[in-house]
Amino acid sequence: EAAEAVEQFARAGVRTIMITGDRADTALAIARQLGIAERRDECVTGEEMERMDEQMLAARISRTRVFAHVSPEHKVRIVSACKKNGEIVAMTGDGVNDAPSLKSADVGIAMGMAGTDVARNAADMVLADDNFATIVNAVTNGRGVYENIKNVIGFLLSGNMAGIFCVLYASLMALPAPFAAVHLLFINLLTDSLPAIAIGMEPASSDLLGRKPRDPKEPLLSGDLVKRIGLQGLLIAVPVMTAFYLGYRTGTAEAMTMAFATLTLARLFHGFNCREDRSILRMGLSGNPASLAAFGVGVLLLLAVLLIPALHGLFLVADLTLAQLGMILGLAVLPTLCIQITRIAR
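Calculation criteria
Residues numbered from 1 in each chain as written. Predicted model: local features only at pLDDT ≥ 70, side-chain atom pairs only at ≥ 80, totals over all residues. Heavy atoms only, no water. Helix = DSSP H or I, 4+ residues; strand = E, 2+ residues; numbered from the N terminus. Rg over C-alpha atoms; globule rule 2.2 N^0.38 Å. Buried < 20%, exposed > 50% of the residue type's maximum accessible area, 1.4 Å probe, protein only. Contact = heavy atoms within 4.5 Å. Areas by Shrake-Rupley, 256 points an atom, 1.4 Å probe, with all protein chains shown as cover. Lys, Arg positive; Asp, Glu negative; His and termini not counted. Charge placed at Lys NZ, Arg CZ, Asp CG, Glu CD. Polar contact = N/O pair within 3.5 Å; in protein donor to acceptor, adjacent residues only side chain to side chain. Axes fitted to C-alpha atoms, helices over the stretch in contact; angles between N-to-C directions. Parallel < 35°, antiparallel > 145°, perpendicular 65-115°, else oblique. Nonpolar A, V, L, I, M, F, W, Y, C, P; charged D, E, K, R; others polar. Core = buried A, V, L, I, M, F, W, Y, C linked by side-chain atoms within 4.5 Å. Expected span 1.5 Å × (residues − 1). Pairing = 2+ DSSP bridges. Right-handed = clockwise from strand over helix to strand, strands pointing away. Patch = residues over 30% accessible without salt bridge, like charges linked within 9 Å, V, L, I, M, F, W, Y side chains within 5 Å. Salt bridge = Lys/Arg side-chain N within 4 Å of Asp/Glu carboxyl O. Disulfide = S-S within 2.5 Å.

Enquirer: Explain the overall build of the protein here, please?
Expert: Scanning the protein from terminus to terminus reveals 16 helices and 6 strands. Against the globule reference of 20 Å for 346 residues, the protein gives a C-alpha radius of gyration of 28 Å, more extended than a compact globule. Projected onto its principal axes, the C-alpha positions of the protein cover 85 × 35 × 35 Å. Taken over 346 residues, the protein has a buried fraction of 45%. Restricting the contact set of the protein to residue pairs at least 6 apart, pairs at least 24 apart contribute 64%. Total accessible area computed for the protein in this model is approximately 17100 Å², and 63% of it derives from carbon and sulfur atoms. Charged side chains of the protein number 31 positive and 33 negative; the gap between the two group centres comes to 6 Å.

This is the structure in structure tokens:
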């Protein structure tokens, strides 16, 4: 499986370097089979390393794919040279002599079956099946977890920004508050938490390995994410305030109820937008059953508040007509339609 793993790593922007105690000819023969190296100038021997200082090794390592006939001390120097060039280094090994380099790497990966206790204790991660290709799954899952964290943050903050924009607009225009405190509590504690949990359970996307590694210095809240949060928040806020104005013609209670219901439903729809950066047509709805369940439960909770008279006093909502409920549905789905059409066009 190693040859396929090396190919997948190359697609993911991960460079594979082979380090061995064997002679250069033997190392290059194996490297050619695995697709790691083809030419002799891509190979450096331990004897050649002895004649290099740290600066020379750091400069040479960017075009070196095979290190042959090396000692344990050489392995540590190789890891240090990669790190000096600003690279994130994962080192695999199984023997006692691999322990120093496993420890010095950003991620030390030991073999669980054939590896020694010393190597396993020095490593950050242990391959229980001793299969090099398992590291591909680890990279995919790691990238998937990071993407899910960003998507959850994007979902929660964009929805909250919509509420902030609505309250700010109402204050500037001297309008009554569009939401009661119990409305915001309902949204944050019930209808927001379910989609957020579902987004966190999103399986790793099949195209994650096709992306280049992210810059480790890039903040979690990057400029692009902040801009997206602001735009999506504004996109949700406009239909919410439109619903408020439509209800305001009847009364303040109706206006607050329509604004609350539109914001709740719009954020439930928005949960599908935040699962991935792709359109729903490309990623499909069946890939994450938890998101469908979260949407269904959220809609049921909202309908219970709007349609059960006994809950009206508790949640400060007014009776709505069928026409008003239809307006809420139409306005709530608008932000998601706009986002999805943009993604399809892109």
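Enquirer: I keep staring at the environment of D319 and nothing clicks. Help me out?
Expert: With respect to the helices, strands and loops of the structure, D319 is situated in the loop between α15 (309–315) and α16 (322–345). Considering only alpha carbons, one finds D319 and L281, 38 residues apart in sequence, at a separation of 36 Å. When near neighbours in sequence (up to four residues on either side) are disregarded, D319 contacts E254, H312 and Q324. Within the local environment of D319, its side chain forms a polar contact with the side chain of H312, the two groups lying 3.1 Å apart.

Enquirer: Where do I start with the packing of helix α10 (residues 193–200) against helix α14 (residues 289–307) in this structure?
Expert: Each pair of packed helices can be summarised by the angle the axes make with each other and by the distance between the axes. Put simply, α10 and α14 touch, their axes get as near as 8 Å, and they point 175 degrees apart. Between α10 and α14, the angle falls in the class roughly antiparallel. Mapping the contact onto sequence places L194, P195 and A198 in α10 and A290, S291, A294, V297 and G298 in α14. Of the residues in the contact of α10 with α14, the class split is 6 nonpolar, 2 polar and no charged.

Enquirer: How should the nonpolar core be read in this particular structure?
Expert: Across soluble globular proteins, nonpolar side chains show a tendency to be buried alongside one another. In this structure, F179, V240, F244, F260, L263 and L265 are the most contacted members of the largest nonpolar core, which totals 36 residues. Of all the secondary-structure elements, those providing two or more residues to this core are α8 (134–172), α9 (181–191), α11 (223–248), α12 (252–273), α14 and α16. Broken down by element, the residue count for this core peaks at 12 residues, all from α12. Contact partners of V240, with chain neighbours within four places excluded, come to C166, F179, A259, T262 and L263.

Enquirer: It is not clear to me how α12 should be interpreted in this structure. Could you clarify?
Expert: For the α-helix, the turn length of 3.6 residues means that residues three or four positions removed from each other point alike. For α12, which comprises 22 residues, the first-to-last C-alpha distance of 31 Å matches the rise-based estimate of 32 Å (1.5 Å per residue) to within 8%. Within α12, 20 of the 22 residues are buried, leaving the element largely enclosed by the surrounding structure.

Enquirer: Mind showing me how you'd approach the pairing of strand β5 (residues 107–111) here?
Expert: Each regular strand carries side chains that alternate between the two faces of the sheet. Taken across its 5 residues, β5 has 4 buried, putting it largely inside the fold. As paired elements, strand β4 (residues 90–93) and β5 share 4 bridges and run parallel to each other. Counterpart to G93 in the pairing with β5 is A110. For the crossover that starts at β4, traverses helix α6 (residues 99–104) and ends in the parallel β5, the hand is right-handed. Looking at chain direction, β5 and strand β6 (residues 125–127) are connected through 3 bridges and run parallel. When the sheet's bridge partners are listed, A110 is paired in β6 with V126.

Enquirer: Could you clarify how one ought to interpret the sheet that holds strand β3 (residues 66–68) in this entry?
Expert: Two pairing modes exist for strands in a sheet, parallel and antiparallel, and in both the strands are linked by backbone hydrogen bonds. Taken in spatial order, the 3 strands of this open sheet run β1-β3-β2, and their pairing is parallel. Of all strands in the sheet, those with a lone pairing partner are β1 (18–19) and β2 (43–45), marking the two edges. With 2 bridges joining them, β1 and β3 adopt parallel strand pairing. Note on β3: the bridge partner recorded for M18 is V66. The sheet strands contacting helix α2 (residues 24–34) are β1, β2 and β3, and the helix crosses β3 at an angle near 150 degrees.

Enquirer: For this particular structure, what's the right way to read a nonpolar patch on the surface?
Expert: A surface patch of nonpolar side chains, amounting to about 510 Å² of accessible area, comprises L168, Y169, L172, M173 and Y245. The greatest single-element share of the nonpolar patch, amounting to 3 residues, is contributed by α8. Relative to the helices and strands, Y169 resides in helix α8. Take Y169: its relative accessible area is 32%, and that puts it in the partly exposed class.

Enquirer: What is the right way to read the state of the cysteines from this model?
Expert: One way to say it: the disulfide is the covalent bond shared by the sulfur atoms of two cysteines. Summed over all chains, the structure comprises 0 disulfides. With no disulfide partner, C82 has as its closest neighbouring cysteine sulfur the one in C43, 15 Å distant. Cysteine C274 shares no disulfide, and the gap to the nearest cysteine sulfur, in C338, comes to 15 Å. What makes C274 buried here is its relative accessible area of 7%.

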